[in-house]
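A look at the structure
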Amino acid sequence: MWNTRIEAALLEQKAKDRYRRRPVCQTANASYKMQVEGKSYLNFSSNDYLGLAHHPLMIEAASRGAKEYGVGSGGSPHVTGYSDPLVRLEERLASWLGYDAAIVYPSGFTANQAAIKLLIEKGDVMIADRLSHASLLEAAMFSPGRLYRFKHNDPLSLESYLEKEVKSNVIPSATPSAMPPDGNLHENAGKLVITEGIFSMDGDSAPLPEIARITQKYGATLMVDDAHGVGFWGSEGRGTCDHYGIKPDILVVTFGKAFGCSGAALLLSKTFAEYFVQFSRPLIYSTAIPPMQAETLLTAIDLIASQEGDERRMRLAANIRYFRESIAHNIGDKIGLLDSISPIQPLIIGEDAAALAVSAQLKDAGIWVSAIRPPTVPPHTARLRVTITADHDEAMIDQFIARLAAVSGEQ
Ligand SMILES: *Cc1c(COP(=O)(O)O)cnc(C)c1O
């Protein structure tokens, strides 16, 4: 039974040019170069935007942490896994980002699932940007609440859903015995607005001041996943919310991108944090991150918030500018470069097969840039998800764009 179903799914995946592979990346990868099957590439697909994954101070922190604490935490934070470096990491994150508390999870995927899973009960609603990350939308779909997806970066669309919710609440309070169809009174319904700081597949930033204003107007709660903004934007790299001067109720930061490591944290009020410590099952029933990882992440924050961090952000911004100008100059509108200020610079190709073909031709020429296909992005918007890092230089960008110009000329 399973075999038949699986074979059909795999065949369909192949027929649609959506078959996924996991390339084996070999030694000495860095944010700007990589080796796959013995061949070297310029890397234009890394999320290690500041080039911290190979930073000597990060490696030193990891080794120091391993020597002092071993390589594993030994248990859930509620048993034996809440190590001294992990406590310091949570305190540092909270004070750096201006929250009462931070709670660290093993990954951003888990942190997002944990937040939605714990907060959303039957009768609650979630209103999420429709391009939100899979970890957010999947948790929302599996939760007992109702999910609306507002138009991407469109505050008016968000407001129309909130308005509808508020109107539907008026009826039960006018006639107290009336129950909405799902059997719950809506009066105390939680309303959770979900968006990202910088969108992972488009690289654009959310209009957070407008979204925050509307969220507040309707008494809703705002959750912002800033996986791609923190480290890159804002003062000391505090991220998109800092850049726009807003403070969401729940801020998600992840450590697999600009932090050059892995893990994630929820930034919360004291009350929310207490609730999570008591009831968040992905926290309670999962092994805490190793102390050596917490040590490494403390060093990542030191670097991000330092003058060196500013210098890396400046190099990154200069590279992004150079990339965009060179594309405009050498390729023009033959390939659709999305309007993005971030390290994520997507080139829209359209059909899946065409995107794969361009990516394969670039690979032949020693340039690694992944084709991103549906369902990760909407149909007919398959793209090259180019990422720029602080470690690229103009010569590398020139080489990439020269090849891309040649390839797109042949298309
Ligand atoms: C990468 C990413 C995540 C997942 O974080 P991991 O730590 O890699 O699990 C969540 N949200 C967004 C927007 C992301 O880009």
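Anything mentioned here points back to the structure above.
Residue numbers here run from 1 along each chain, matching the order of that chain's written sequence. Since the coordinates come from a predicted model, pLDDT governs what is reported: local features require at least 70, and pairs of side-chain atoms require 80 or more to be given and counted, while whole-chain, interface and lining totals use all residues. Water and hydrogen atoms play no part in the side-chain values, which are based on all heavy atoms of the structure.

1. Some words on the site of the ligand
Threshold: Here a residue is considered near a molecule or strand provided that any single heavy atom belonging to it is located within 4 Å of it. Throughout this description, a polar contact denotes any pair of N or O atoms lying within 3.5 Å of each other; where both atoms belong to protein, one of them has to be capable of donating a hydrogen while the other can accept it, and for residues adjacent in sequence the pair is counted only when both atoms sit in side chains. All accessible-area figures derive from a Shrake-Rupley calculation using a 1.4 Å probe, and residue coverage is judged against the displayed protein chains alone. The helix count covers DSSP runs of H or I at least four residues long, the strand count covers runs of E at least two residues long, and both are numbered beginning at the N terminus. Residue type decides the class: Asp, Glu, Lys and Arg count as charged, Ala, Val, Leu, Ile, Met, Phe, Trp, Tyr, Cys and Pro as nonpolar, and the leftover types, Gly among them, as polar.
For the ligand, the set of nearby residues contains 14 residues, the closest of which are G108, F109, D225, H228 and K257. Residue G108 places a main-chain N or O atom 2.7 Å away from an oxygen atom belonging to the ligand. Within the backbone of F109, a nitrogen or oxygen atom sits 2.9 Å from an oxygen atom of the ligand. Relative to its free-state accessible area of 380 Å², the ligand is covered by the protein chains to the extent of 83%. For the shell around the ligand, the element with the most residues is helix 4 (residues 108–119), which contributes three residues. Here the residues of the shell around the ligand sort into two nonpolar, nine polar and three charged.

2. Thoughts on the layout of surface pockets
Applicable threshold: Think of a 1 Å grid over the protein atoms and nothing else: a 1.4 Å probe that fits but is trapped marks a cavity, an open set flanked by protein within 12 Å on at least five of seven lines marks a pocket, and residues with an atom within 4 Å of a point count as lining. Grid points are joined across faces, edges and corners, and a volume is the space filled by probe spheres set on the points.
Approximately 1400 Å³ is the volume attributed to the largest pocket. Around the largest pocket, the lining is made up of 42 residues, and of these R21, P23, W368, S370 and I372 lie nearest the centre. With four residues, the single largest contributor to the lining of the largest pocket is helix 13 (residues 352–364). Grouping the amino acids of the lining of the largest pocket by side-chain chemistry returns 15 nonpolar, 14 polar and 13 charged. The calculated volume of the second largest pocket comes to roughly 470 Å³. Looking at the second largest pocket, it is lined by 19 residues, and the ones nearest its centre are S132, A134, L137, P375 and T376.

3. Structural notes on the pairing of strand 3 (residues 101–105)
Consecutive side chains along a regular strand alternate between the two faces of the sheet. Threshold: A 1.4 Å probe rolled over the protein chains alone gives each residue an accessible area, and that area as a share of the maximum for its type sets the label: buried under 20%, exposed over 50%, partly exposed in between. Pairs of strands are assigned from DSSP output, requiring at least two bridges between the strands.
The buried count for strand 3 comes to five of five residues, which makes it a mostly enclosed element. The alternating pattern of strand 3 places A101, I103 and Y105 on one face and A102 and V104 on the opposite face, and all of these are buried. In this structure, strand 3 lies alongside strand 9 (residues 264–268), joined through five bridges in antiparallel fashion. Residue pairing in the sheet places A102 in a bridge with L267 of strand 9.

Nothing here speaks to function; it is geometry throughout.
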